[in-house]
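Listed below are the residues making up each chain.
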Amino acid sequence: MPFKILKKQELVPTIHLMDISAPRIAKKAQPGQFVILRTDEKGERIPLTIADFDRDTGTITMIFQAVGKTTTALANLKAGDELLDFIGPLGNPAHIENFGTVILVGGGVGVAPIFPQVRAFKDAGNKVISIIGARSANLLLWEDRMREVSDELYITTDDGTKGHHGFVTDIVKKLLEGSKKADRVVAIGPPVMMRAVAGVTRPFNVKTIVSLNSIMVDGTGMCGACRVLVGNETKFACVDGPEFDAHLVDFTLLMNRLSIYQPEEKLALEKYKCEREGCTC
Amino acid sequence: MLERQKMPLQDPKVRATNFNEVALGFTKEQAVEETKRCLQCKKPKCMEGCPVEVKIPGFLKYISEGDFDSAIKEIKVDNALPAVCGRVCPQETQCEQVCVLSKKGASISIGRLERFVADYERKKGVEAPTAPEPSGKKVAVVGSGPAGLTAAADLAKMGHSVTIFEALHAAGGVLTYGIPEFRLPKEIVRAEVEYVKKLGVTIHLDSVIGKIDTVDELLSEFDAVFLGTGAGLPMFLNIDGENLNGVYSANEFLTRVNLMKSYMFPDYDTPIKKGKRVVVVGGGNVAMDSARCALRLGADEVTIVYRRGEEEMPARAEEIEHAKEEGIKFRLLTNPVRIIGDGKNWVTHIECINMYLCEPDESGRCKPMPSAGTEHKIETDVVIIAIGTSPNPLVPRTTQGLEITKHGTIIAKEDGATTKKGVYAGGDAVTGSATVISAMGAGKKAARAIDEYLRAK
């Protein structure tokens, strides 16, 4: 059963939003969960975190960055096109309850999956402080939506074109060192960012949760491609996660494992671009 | 006594470089000739050896008479997946083991004959069976592997409305993601699945039960549920270095190759690491399949490391033989101690220790023990761990009142009844890693029990 693309939009350069009609998944989706999709018969199965869902209209929103072959091909689809497979909601929902004050950190495309959590933590009665970061102002995602659901919103850019000139961790550290008491931190973004956030919060002993984007094939616990080391124990990100205690995660291993197929990914992307744009190679 | 017919095979040197089927199948003449050896026993032992109770002497007799149509019809009364069973059943420990001729030399090639008539019918075009009187009852089947497909087919034949929910994007379970093309072509799996659909079964793909719907939710829509969720999570050795790049679970390696067709990368998008040297740990069919896939992906040297001896290997005799013919090396009585990396997180060696078998214990199996001081390293680029799986927790975790053992397998009676009313289970989800045919046998028994339950309801 194919899944229709209802909306497709490039939010900022290389980062795209896609609404998919998937009423059965939308009915069950919760913040923190992900889907696995396949564009066509020869396609790879890739996991994407759910950025939003609407139970009434039966839609799932995903935000992704076009980096490899599959995400680039996905970015080239438009409203009205269909995905061959769309599977979910997978993984465990985020642990949402009234902790008191929660700091939520979204880096790069990680702003998208942090958004439904910000909203859910707010709805659960928390004071939510959000920090979103990007390399540059033109790559910053969903500032308006984030502002709407946050009690406080901080912006950082690596190049200083907007907000704080520096990294999200600078703000986390400042908040924790200052008068802001935090009961929980949730960080979603590139592994280096999540590792840095874990490093900053560790001395303050604040429970910190990260969402791990390991390589997956089936996403249901069958293959073990997504295995990560948490507290020196092997866990499967798909069925045991994707969220884990950041202070226990072996980020070096995560990053090493994410690089397994780098040469193949490069080859597949080059081949795709050649076929699409035509080339003489 | 007549000689057993030889199965025509692809030449080992040629087949080691392609994914085409190894065994080519009997010719008509061979099939008829082979059945002439059957003694048509009054009390056929072979049938007792078949978990799905195929009427073996009956279909063999039809073949001997050249009536292949009646032969396949006779099989299909009891077995909805004959082209699969004819290829992957361990006949040597089942029907063929108890065949009286096995004591006098060689049993009838029951599996190969089953395959022959199933292939004959498929080439000719499979006829849709006549629909039974609808019972008005609805059954949900979770998983479209051998257990689920068998239960679904039998329940449909009994007149029930059956819907299968499959988590992956293709039906067939282990037949699709696990068993390689060269042993079980996917075209055959698709054809058998099509036959089950022709019986009236609906299949929903991409539907992970426990996530998109729980079993409890299914029970509000269906009168009964059968769980054939298979053996989900791959087991690892829990030794150092198992998370290094280049270390695969057999499930991942085979899923990439078979389901995702990574052997055709980059034409297909899913990549796989093709090692020059590959070590596979384990002695079952999954280990043989992994080793032979690695060879076909272009490895120069593939070694199977197994902690017991060849006698103890759980793989089908034919698979071990075929693997040897293709040049797979066997290091028996050898067990991994740790996996060693290059400092940049890639595998370079696997360190093993020699083992010896002590006296058999009460279970009859010899426990392998390490010989101190025999540690040695084997150079390798890829390691595939094929030591079994444990059941997938998604369904038990989300189903109220469904009890599981401490190993995570679903507790079920002989007829498949679980601790939850209206919910039945069978196959690897109940037994842990076993065979296609035992899962089919469990599906069959459960279908009977579900039918009784629904008619009494």
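Before reading on, note that the structure itself is shown above.
Now for a look at the structure at hand.

### Some details on the overall build of chain B
Thought 1: Regarding its fold elements, chain B presents 18 helices and 16 strands.
Thought 2: The C-alpha radius of gyration computed for chain B amounts to 22 Å, which stays within 12% of the reference 23 Å derived for 457 residues, consistent with globular compactness.
Thought 3: For chain B, the C-alpha atoms occupy an extent of roughly 65 × 60 × 55 Å along the three principal directions.
Thought 4: Here chain B holds 457 residues, and the buried ones make up 59% of them.
Thought 5: In chain B, the proportion of contacts linking residues at least 24 apart, taken out of those at least 6 apart, comes to 69%.
Thought 6: Here chain B displays about 18,600 Å² of accessible surface, and carbon together with sulfur accounts for 51% of that area.
Thought 7: Treating the 60 positive side-chain charges of chain B as one cloud and the 62 negative ones as another, the clouds have centres 1 Å apart.

### Here's the deal with the packing of aromatic side chains
All names here are of chain B.
Thought 1: Under the definition given, this model contains 11 aromatic pairs over all chains.
Thought 2: Both rings, one in Phe 19 and one in Tyr 263, keep their centres 3.9 Å apart while their planes meet at 15°; by these two values the pair is stacked. Of this pair, Phe 19 sits in the loop between helix H1 (12-15) and helix H2 (28-35) while Tyr 263 sits in the loop between helix H13 (250-259) and strand E7 (277-281), and the two are 244 residues apart along the sequence. For the pair Phe 19 and Tyr 263, one class covers both residues: buried.
Thought 3: Site record: aromatic cluster; members linked through ring pairs are Phe 19, Phe 182 and Tyr 263.
Thought 4: A cation over a ring is seen here: Lys 76 above Tyr 195, with NZ or CZ 3.6 Å from the ring centre.
Thought 5: Sitting over the ring of Phe 330, Lys 324 keeps its end group 5.8 Å from the ring centre.

### Side note on the sheet that holds strand E6 (residues 247-249) of chain B
Residue and element names in this part refer to chain B.
Thought 1: In spatial order, the strands read E6-E14-E7-E8-E9; together these 5 strands make up an open sheet with parallel pairing. Looking along the sheet, the strands with just one partner apiece sit at the ends: E6 and strand E9 (329-331). Taking the axes of each pair of neighbouring strands and ignoring which way they run, one obtains an average angle of 20° across the sheet.
Thought 2: Pairing between E7 and strand E14 (residues 382-385): 4 bridges, direction parallel.

### Quick word on the pattern of salt bridges
Residues and elements named next belong to chain B.
Thought 1: Under the defined criterion, the tally for this structure stands at 56 salt bridges over all chains.
Thought 2: As a salt-bridge pair, Lys 36 and Glu 33 come within 3.8 Å of each other at their nearest N and O atoms.
Thought 3: Residue Arg 455 pairs with Asp 451 through a salt bridge whose shortest N-O separation is 2.9 Å. Highlighted residues: Arg 455 and Asp 451, both in helix H18 (residues 436-456), separated by 4 residues, approximately one helical turn.
Thought 4: A relative accessible area of 14% means that Asp 451 is categorised as buried.
Thought 5: A single salt-bridge network, built from bridges that share partners, covers Arg 15, Arg 112, Arg 183, Asp 289, Arg 292, Arg 296, Arg 316, Glu 318, Glu 319, Glu 325 and Glu 326.

### What about the interface of chain B and chain A?
Thought 1: With 43 residues of chain B at the interface, the matching set in chain A holds 48 residues.
Thought 2: It is Lys 211, Asn 243 and Asp 269 of chain B that lose the most area in chain B upon contact with chain A, and together they represent 18% of the buried surface on that side.
Thought 3: Counting across the interface, chain B meets chain A through 6 salt bridges.
Thought 4: For the salt bridge of Arg 397 of chain B with Asp 240 of chain A, the shortest nitrogen-to-oxygen distance reads 3.7 Å.

### Examining the packing of H2 of chain B against helix H4 (residues 56-64) of chain B
Packed helices, taken two at a time, are described by the angle between their axes plus the distance between the axes.
Residues and elements named next belong to chain B.
Thought 1: Remark: H2 packs on H4, axes separated minimally by 8 Å, with the N-to-C direction vectors making an angle of 125°. By the angle between their axes, H2 is oblique relative to H4. Considering how the two elements wind past one another, H2 and H4 form a crossing that is left-handed. For the pair H2 and H4, the contacting residues are Ala 31, Val 32 and Thr 35 in the first and Leu 60, Ile 63 and Ser 64 in the second.
Thought 2: When grouped by side-chain class, the residues that make up the contact of H2 with H4 number 4 nonpolar, 2 polar and no charged.

### A closer look at helix H15 (residues 317-325) of chain B
Thought 1: All of the buried residues in H15 of chain B are Glu 318, Glu 319, Ile 320, His 322 and Ala 323 of chain B.
Thought 2: A positive phi of about 100° marks Gly 327 of chain B, the residue just after H15 of chain B.

### A word on the environment of Leu 9 of chain B
Residue and element names in this part refer to chain B.
Thought 1: Residue position: Leu 9 is located in the segment before H1.
Thought 2: Looking at Leu 9, the relative accessible area reads 32%, which means it is partly exposed.
Thought 3: On a C-alpha basis, the gap between Leu 9 and Leu 24 in space is 5.5 Å, while along the polypeptide they are 15 residues apart.
Thought 4: Not counting the four nearest positions on each side in its chain, Leu 9 is found in contact with Arg 15, Val 22, Ala 23, Leu 24, His 322 and Glu 325.

### Some words on helix H3 (residues 111-123) of chain A
All names here are of chain A.
Thought 1: The terminal C-alpha atoms of H3 lie 18 Å apart, and with 13 residues this matches the ideal 18 Å at 1.5 Å per residue to within 8%.
Thought 2: Buried residues dominate H3, accounting for 10 of its 13 residues.
Thought 3: For H3, every residue scored as buried is listed here: Val 111, Ala 112, Pro 113, Ile 114, Phe 115, Pro 116, Gln 117, Val 118, Ala 120 and Phe 121.
Thought 4: Just beyond H3, the residue with positive phi is Gly 125, at close to 100°.

### Some details on the side chain of Ser 136 of chain A
All names here are of chain A.
Thought 1: Structurally, the position occupied by Ser 136 is in the loop between strand E9 (127-134) and helix H4 (143-149).
Thought 2: One polar contact links Ser 136 to Asp 159, side chain to side chain, over a distance of 2.5 Å.
Thought 3: Not counting chain neighbours up to four residues away, the residues in contact with Ser 136 comprise Thr 157, Asp 159 and Thr 161.

How each quantity is defined
Residues numbered from 1 in each chain as written. Chains lettered and ligands numbered in written order. Predicted model: local features only at pLDDT ≥ 70, side-chain atom pairs only at ≥ 80, totals over all residues. Heavy atoms only, no water. Helix = DSSP H or I, 4+ residues; strand = E, 2+ residues; numbered from the N terminus. Rg over C-alpha atoms; globule rule 2.2 N^0.38 Å. Buried < 20%, exposed > 50% of the residue type's maximum accessible area, 1.4 Å probe, protein only. Contact = heavy atoms within 4.5 Å. Areas by Shrake-Rupley, 256 points an atom, 1.4 Å probe, with all protein chains shown as cover. Lys, Arg positive; Asp, Glu negative; His and termini not counted. Charge placed at Lys NZ, Arg CZ, Asp CG, Glu CD. Phe/Tyr/Trp six-rings, centres within 6.5 Å; stacked < 30°, edge-to-face > 60°. Lys NZ or Arg CZ within 6 Å of the ring centre and 35° of its normal. Pairing = 2+ DSSP bridges. Axes fitted to C-alpha atoms, helices over the stretch in contact; angles between N-to-C directions. Salt bridge = Lys/Arg side-chain N within 4 Å of Asp/Glu carboxyl O. Buried area = accessible area lost by both parts, 1.4 Å probe. Parallel < 35°, antiparallel > 145°, perpendicular 65-115°, else oblique. Left-handed = near helix turned anticlockwise from the far one by under 90°. Nonpolar A, V, L, I, M, F, W, Y, C, P; charged D, E, K, R; others polar. Expected span 1.5 Å × (residues − 1). Polar contact = N/O pair within 3.5 Å; in protein donor to acceptor, adjacent residues only side chain to side chain.

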